[in-house]
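Observations on the three-dimensional arrangement
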Amino acid sequence: MILDYIGVKDINGPLIVLDDVQDAFFEEVVGIRLDDGSIRQGRIVQMEGNRAVIQVFEGTRGISLTNTRTRLTGRPMEMPLSPELLGRVFDGSGRPIDGLGNIFPVKRANVNGTPINPVSRIYPKNYINTGVSTIDTLMTLIRGQKLPIFSGSGMKHNELAVQIARQSRISDENGEFAIVFAAMGVKNDVADYFRRSFSESGILQRVVMFQNLANDPIIERILTPRCALTVAEYLAFELGMHILVIMTDMTAYAEALREFSSSKGEIPGRKGYPGYLYSDLASLYERAGMVKGKTGSVTQLPILTMPNDDVTHPVPDLTGYITEGQIVLDRSLDGQGIYPPVAVLPSLSRLMKDGIGKGYTREDHSALSNQLFASYAKVMDVRSLASVIGEEELSPDDKKYLEFGKLFESHFVNQGPSENRSIEQSLDLGWELLATLPRGALDRVDDQMLDQYYEPAKKRLSTDNAKDRASQVLWDHVNKIGEDSEEESGNGGGENE
Amino acid sequence: MDNQDTIYGINGPVVTVRESRSFSMMEMVYVGNERLVGEVIGVSDHLTTIQVYEETTGLRPGEPIYGTGSPMNVTLGPGILDNIFDGIERPLKEIAKESGSFIARGSNIAALDESREWDVTVTVKEGDLLKGGEVYAELPETPIIRHKCMVPPGLSGTVASVKPNGKYHVNDTVVELKDEFGKMHELSLCQKWSIRTPRPVLGHLPPNIPLITGQRVIDTLFPVSKGGTAAIPGGFGTGKTMTQHQLAKWCDADIIIYVGCGERGNEMSQVLEEFSDLTDPKSGRPMTDRTVLIANTSNMPVAAREASIYTGITLGEYYRDMGYHVALMADSTSRWAEALREISGRLEEMPAEEGFPAYLPSRLAEFYERAGMVKNLNESEGSVTIIGAVSPQGSDFSEPVTQNTKRFTRCFWALDKALAYARHYPAINWMQSYSEYFSDLDPWYTEHVGNDFIQYRKRINNLLQQENKLMEIVKLIGSDVLPDDQKLIIEIARVIRVGFLQQNAFHAEDTYVPLEKQKLMMKVILYLYQKAKHLISASIPISGILQTGLFDKLVKMKYDIPNNKPEMFEDYIKEIDSTLSKIVSA
């Protein structure tokens with residue numbers, strides 16, 4: 001028996017209210033046929049007796065109290081799944097928009113997913129080589145991790161995401177690699193940039209795209225990441241692929257959630273975001289991981305733009321508490337033309353400690369990254385001192401730090417958008433930079449490690465036969481400092497401000 | 001019940017029932033045809049409100065609700081240790097066996113393994129008079145922990161019959177008790193206890209034994225007592241979880257209860273993996289033999305997250321009643337407070353500060369007050385220490401959860417972003433942190449490590465305070481202008497910070513340091529300071545003293561001196577003497 005409910009009782013923002021609904025269940029999907037023949041989809045979000053509150057994915061524009069026929073589908077929100085999803089493009093609620101026809105599903109799955117049992121999780125340990133020095137060395141991305149990029153409007157987060165997607169290699173090559181891309185509330189140009197970049201690098205056939213553009217309905221935006229993650233879980237845990245999920249922009253997603261919550265009349269929490277923002281974000285981010293008995297993995301790379309570059313804003317703040325670290329981009333580095341503008345100190349990968357070192361990357365990795373962090377933190381202290389007393393007044397040791405900081409940013413952090421550095425190159429480069437500091441200043445590394453890596457790096461710097469490009473550039477730079485150190489330090493003061 | 005209660009409204013995890021008079025506050029109920037676990041959180045004349053501990057997708061109005069007549073409770077008995085539960089004591093390993101890698105709903109698996117047989121020794125005989133809390137049977141739960149079955153508090157009577165020693169299941173009756181009214185009570189190996197009610201005790205004892213953690217900054221500068229309360233606040237990335245892990249691994253409690261409350265799934269799997277690989281330093285057995293994990297990751301239902309803290313503390317109190325020292329790590333209480341806020345929002349309660357409900361402080365107080373060093377009903381002594389991580393939103397310590405936690409805990413280990421950025425771990429800021437247990441613990445330290453320990457601590461603390469003041473000046477005008485004696489303070493403080501306070505959790509020796517070595521490290525550092533100060537007052541420039549490399553040597557002594565070779569510290573003192581005397585003679 002299929003019943004159509006004619007008309008609605010109440011319309012409020014994206015919500016409609018239906019009375020006398022028989023046998024509906026919570027979160028059931030409904031079809032709404034308007035008198036002009038168009039069909040919209042909705043989902044029951046609240047029930048009280050026979051009254052159901054329904055959110056309409058496409059918005060309520062054009063709906064009146066009488067012109068609709070609503071039909072219950074008897075299903076929760078589901079995503080059709082099949083291996084043919086690869087290479088396809090969908091809208092925010094999972095309908096194909098590339099004109100290639102419908103998906104013939106092998107199975108359907110509830111987009112909300114179910115939580116992974118903590119005892120069935122595999123603790124992620126295999127690193128992903130992204131070819132970006134800062135990320136590989138200092139905040140290593142691990143397969144099964146969720147590592148967001150905290151950025152701001154106008155910074156190069158999209159370029160970085162594309163570069164990571166293009167260059168990412170997994171150390172042991174078993175299992176296929178694919179990308180699920182979810183665009184939420186992004187501009188058309190941005191979505192287009194991603195599609196073009198994927199196509200230029202020839203990986204479009206390994207990408208599933210979901211697009212909810214900035215002017216698409218916000219209710220769909222709430223579904224977009226869920227559809228994308230359902231596909232990712234299917235590809236990873238049923239077909240055994242390694243999936244990188246890029247979700248951009250999480251801030252737009254959270255704003256959609258806020259808009260939806262306020263139209264439901266819920267009590268707002270911080271900055272008007274609903275009180276359950278944390279749980280809601282967690283229900284997305286926690287879908288990353290690896291599961292015992294399955295070969296695939298879901299790695300997440302969410303991108304969020306911090307309003308006013310404020311890291312304490314609820315969205316980045318709550319995200320940081322859920323994700324396993326973060327890659328923070330810095331506007332002043334970006335302004336200096338450094339790409340990728342990764343702010344090293346606040347960035348972090350929580351899972352890297354067990355995925356690096358002997359057997360994974362190289363034995364000196366952990367010591368080197370600790371030392372680079374510590375030395376660079378010292379650079380910041382020296383810079384703030386220099387901005388008060390002027391560089392001339394600094395002690396010789398402090399001046400060395402200043403020089404180190406400059407080299408670190410211009411050679412280690414800075415790399416081209418198409419430059420793919422191997423982990424060995426990045427690590428060696430790190431040692432060469434440390435070699436510009438006196439040995440006694442390296443207090444995070446033990447003597448044996450220093451003998452093995454610091455001394456050779458120092459030698460590489462002081463001899464002319466530095467072979468690889470990175471060392472050569474660094475060597476040139478060191479020579480230049482030697483020649484016109486006065487002029488350099490004069491300029492340096494200006495750059496630091 | 002002939003008049004079946006049914007679901008009326010559904011909004012997220014909150015379900016309402018209309019016109020029902022059969023439920024009591026905090027009663028545990030089963031909701032819907034799938035029998036999802038729920039708890040009554042509001043009762044009024046026409047509407048009963050229930051929070052459901054599982055996903056509510058698919059529920060329909062009109063589905064039945066079954067009352068249980070008792071409040072939300074947990075099963076206490078053998079089999080808790082070496083197990084991993086969700087927030088309402090459902091065994092996750094068993095659930096994984098039944099429903100695979102993803103958690104299915106409505107799974108109704110007994111908390112404790114009912115098929116396992118325990119080797120029980122009954123310790124009472126017929127005719128014995130038993131009061132609540134007294135032990136009637138014992139069994140080895142794991143090779144290192146003896147489980148004691150106790151008469152549930154509130155019950156007392158004469159033993160009417162006992163079973164012989166032997167192998168029994170959790171639910172087998174081993175002792176029958178006849179109370180004063182002649183009513184018989186069957187006592188099995190387990191009992192139920194409501195999670196929101198503290199288990200009664202005879203009285204509290206003073207907190208005068210420290211919880212030794214092997215972490216220098218905690219043991220020396222900010223110690224916590226057994227039965228004490230400590231808060232670890234810190235923004236994300238400051239190492240809260242890392243610090244909690246270190247404490248769980250190394251602190252000298254008998255039983256560890258680790259509550260992962262709204263935390264990351266991958267982190268829980270790391271805890272699981274690490275703890276099963278780790279051997280307990282005291283017994284040589286795996287850590288898991290004395291550990292209980294409660295994992296309610298952030299994507300598991302929010303109401304169960306709220307309950308997980310209470311489940312944890314109830315299990316803790318149960319082992320305390322057996323006379324054990326229990327340490328409970330709650331990571332993180334902010335997630336718990338947010339769960340409170342979320343549910344409060346669904347109930348449309350009037351919000352107080354930052355949207356948190358007005359009863360947040362009283363709930364926090366109720367939780368932390370369940371810690372303590374106590375005399376149990378059976379005259380044994382035990383303790384529950386609570387170490388709660390706090391994740392302040394936006395790293396702002398003035399937010400309500402941090403502020404209210406501060407009121408109810410006596411140790412405050414403030415984690416600092418700047419220290420974490422410099423990879424100084426544990427990133428406990430020595431200027432903002434405090435411990436109120438000093439005066440309680442000083443007699444213990446004097447007796448067990450010697451009076452000099454307290455003296456050294458005071459001097460170390462003093463040097464750090466002085467450095468902090470000097471750094472203000474240095475930040476403005478640089479260190480070059482300071483006189484040599486002040487430069488010395490800055491240098492020696494660097495040794496203290498890097499060589500002493502900073503501790504490497506991944507270094508085999510440095511991850512746990514016994515109190516004796518902590519004391520000797522302080523001694524050597526202060527000895528160098530004393531000697532160098534002497535030289536400087538004799539107008540020897542500090543640059544000459546620094547060139548000896550003694551300072552750098554002391555920074556590395558934490559790695560260079562093994563924990564079991566305290567005699568090496570004497571060599572250091574000799575070296576300081578000889579090196580510095582060379583400067584004088586030169």
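Residues numbered from 1 in each chain as written. Chains lettered and ligands numbered in written order. Predicted model: local features only at pLDDT ≥ 70, side-chain atom pairs only at ≥ 80, totals over all residues.

1. Side note on the overall build of chain B
When helices and strands are tallied, chain B shows 17 helices and 27 strands. Rg of the C-alpha trace for chain B: 28 Å, near the compact-globule value of 25 Å for 586 residues, within the 12% margin. With 586 residues in all, chain B has 51% of them scored as buried. Nonlocal contacts in chain B, meaning residues at least 24 apart in sequence, comprise 70% of its contacts between residues at least 6 apart. (Helix = DSSP H or I, 4+ residues; strand = E, 2+ residues; numbered from the N terminus. Rg over C-alpha atoms; globule rule 2.2 N^0.38 Å. Buried ≥ 20, exposed ≤ 12 C-beta atoms within 10 Å, placed from the backbone. Contact = placed C-beta atoms within 7 Å.)

2. Points about the overall build of chain A
Within chain A, the secondary structure is distributed over 15 helices and 19 strands. Taken over C-alpha atoms, the radius of gyration comes to 26 Å for chain A, in line with the 23 Å a tight globule of 497 residues would show. Dimensions of chain A, computed from C-alpha atoms along their principal axes, come out at roughly 85 × 50 × 40 Å. Among the 497 residues that make up chain A, the fraction classed as buried is 53%.

3. A word on the sheet that holds strand β18 (residues 325–328) of chain A
Residue and element names in this part refer to chain A. Taken together, 8 strands build an open sheet; the order of strands is β9-β15-β14-β16-β17-β12-β18-β19 and the sheet is mixed. In this open sheet, the two edge strands, each paired with only one partner strand, are β9 (89–91) and β19 (348–349). Helix α3 (residues 188–200) rests against β14 (177–186) and β15 (207–213) of the sheet, and its axis sits at about 170° to β15. (Pairing = 2+ DSSP bridges. Axes fitted to C-alpha atoms, helices over the stretch in contact; angles between N-to-C directions.)

4. Section: the interface of chain A and chain B
Each partner contributes to the interface: chain A provides 61 residues, whereas chain B provides 60 residues. Elements with a contribution of two residues or more to the side of chain A that touches chain B: β5 (39–48), α6 (277–285), α7 (314–322) and α10 (365–389) of chain A. Top element by residues in the side of chain A that touches chain B is α10 of chain A. It accounts for 7 residues. Looking at side-chain class alone, the side of chain A that touches chain B contains 30 nonpolar, 18 polar and 13 charged residues. As defined by bridge partners, β5 of chain A adjoins strand β2 (residues 9–11) of chain B across 2 bridges and the pair is classed as antiparallel. Across the sheet, residue M47 of chain A finds its bridge partner in β2 of chain B, namely I10 of chain B. (Nonpolar A, V, L, I, M, F, W, Y, C, P; charged D, E, K, R; others polar.)

5. Focus: the sheet that holds strand β11 (residues 129–130) of chain B
Read across the open sheet, the 4 strands follow the order β11-β14-β16-β17 (chain B); overall the sheet is antiparallel. In this open sheet, the two edge strands, each paired with only one partner strand, are β11 and β17 (184–187) of chain B.

6. Describing the UniProt feature "domain: ATP synthase A/B type C-terminal" (unreviewed entry) in chain A
Using the residue numbers shown here, the UniProt feature "domain: ATP synthase A/B type C-terminal" (unreviewed entry) corresponds to residues 354–454 of chain A. Across residues 354–454 of chain A one finds 64% helix and 0% strand; the C-alpha atoms that close the span lie 23 Å apart. (UniProt positions renumbered as here; feature names shortened; annotations may be inferred.)

7. Comments concerning the domain arrangement of chain B
Interfaces are often sized by the amount of accessible area the parts lose when they come together. Residues and elements named next belong to chain B. Parsing chain B into structural domains produces domain 1 (5–71), domain 2 (113–189), domain 3 (203–436) and domain 4 (451–585). Counting residues at the interface gives 12 residues for domain 2, matched by 10 residues for domain 3. Secondary-structure elements contributing two or more residues to the side of domain 2 that touches domain 3 are β12 (135–142) and β13 (145–150). The element contributing the most residues to the side of domain 2 that touches domain 3 is β13, with 3 residues. (Domains from an automatic or database assignment.)

8. A look at the pairing of β17 of chain B
All names here are of chain B. Sheet analysis places strand β16 (residues 175–178) next to β17, joined by 4 bridges and oriented antiparallel. When the sheet's bridge partners are listed, K178 is paired in β17 with M184. Taking the residues between adjacent antiparallel strands as the criterion, β16 and β17 are bridged by 5 residues, where G182 takes a positive phi near 85°.

9. Some remarks on helix α11 (residues 451–477) of chain B
All names here are of chain B. With 27 residues, α11 extends 40 Å from end C-alpha to end C-alpha; this agrees with the ideal 39 Å at 1.5 Å per step. Residues of α11 that are buried include every one of F453, Y456, R457, I460, L463 and E467, and no others. Summarising the contacts, the buried residues of α11 are in contact with α2 (216–221), α10 (438–448), α12 (484–501) and α13 (515–537). Positioned one or two residues after α11, G478 has a phi angle of 85°, which is positive. (Expected span 1.5 Å × (residues − 1).)

10. Let's talk about helix α6 (residues 333–346) of chain B
Residue and element names in this part refer to chain B. If you check α6, its first and last C-alpha atoms are 20 Å apart, about what 14 residues at 1.5 Å a residue would give, namely 20 Å. Counted residue by residue, α6 has 14 buried out of 14 residues, so it is predominantly covered. Phi turns positive one or two residues past the end of α6, at E348, with a value near 55°.

11. Let's talk about the UniProt feature "binding site: ATP" (unreviewed entry) in chain B
Summarizing the sequence annotation, UniProt attributes the feature "binding site: ATP" (unreviewed entry) to G234, G235, F236, G237, T238, G239, K240 and T241 of chain B in the numbering used throughout. According to the C-beta neighbour criterion, G237 of chain B is buried, with 22 such atoms within 10 Å. With sequence-adjacent residues up to four places away left out, G237 of chain B is seen in contact with G320, G325 and L348 of chain A together with A420 of chain B. Setting aside residues no more than four positions away along its own chain, K240 of chain B makes contact with I232, G234, D331, S332, A389, S391 and L415 of chain B.

12. What about the confidence of the model for chain A?
Low-pLDDT portions of the prediction should not be read for the details of their coordinates. All names here are of chain A. Within chain A, residue pLDDT values average 86, and 92% of them lie at 70 or more. Mean pLDDT values for the elements of chain A range from 39 in helix α15 (residues 485–496) up to 95 in strand β12 (residues 149–151). Predicted confidence for residues 484–497 stays below pLDDT 50, and this span has 12 contacts to residues more than four positions away or in other chains. (pLDDT = per-residue confidence, 0-100.)

13. Notes on the packing of α6 of chain A against α7 of chain A
All names here are of chain A. Remark: α6 packs on α7, axes separated minimally by 10 Å, with the N-to-C direction vectors making an angle of 50°. Considering the angle they form, α6 stands oblique to α7. Note that α6 runs across α7; the crossing there is right-handed. Residue-level inspection shows L277, Y278, L281, A282 and Y285 of α6 in contact with α7, the latter providing P314, L318, T319 and I322. In the contact of α6 with α7, the residues fall into 8 nonpolar, 1 polar and no charged. (Parallel < 35°, antiparallel > 145°, perpendicular 65-115°, else oblique. Left-handed = near helix turned anticlockwise from the far one by under 90°.)

14. Some remarks on the nonpolar core
Counting residues in each nonpolar core, the largest one holds 305 residues, and the members touching the most others are V231 and V245 of chain A together with I525 of chain B. The element that contributes the greatest number of residues to this core is helix α4 (residues 218–238) of chain A, accounting for 13 residues. Contacts of I525 of chain B, omitting those with residues within four sequence positions, involve I492, V495, I496, G499, F500 and L554 of chain B. (Core = buried A, V, L, I, M, F, W, Y, C linked by C-beta atoms within 7 Å.)

15. Considerations on the environment of N462 of chain B
Secondary-structure assignment places N462 of chain B in helix α11. Taking C-alpha positions, N462 of chain B is 62 Å from E180 of chain B, a pair spaced 282 residues apart along the chain.

16. Here's the deal with unusual backbone geometry
At the junction of T248 of chain A and D249 of chain A, the peptide bond is cis and its omega measures out at 5° in the coordinates. Going from Y425 of chain B to P426 of chain B, the amide bond is cis rather than trans, its omega being -10°. Non-glycine residue K271 of chain A carries a positive phi angle of around 50°.

17. Comments concerning the environment of K565 of chain B
Residues and elements named next belong to chain B. By the element assignment, K565 lies in the loop between α16 (557–560) and α17 (568–585). What makes K565 exposed here is the crowd of 11 C-beta atoms within 10 Å. Taking the C-alpha atoms as reference, K565 lies 70 Å from R21; in sequence the two are 544 residues apart.

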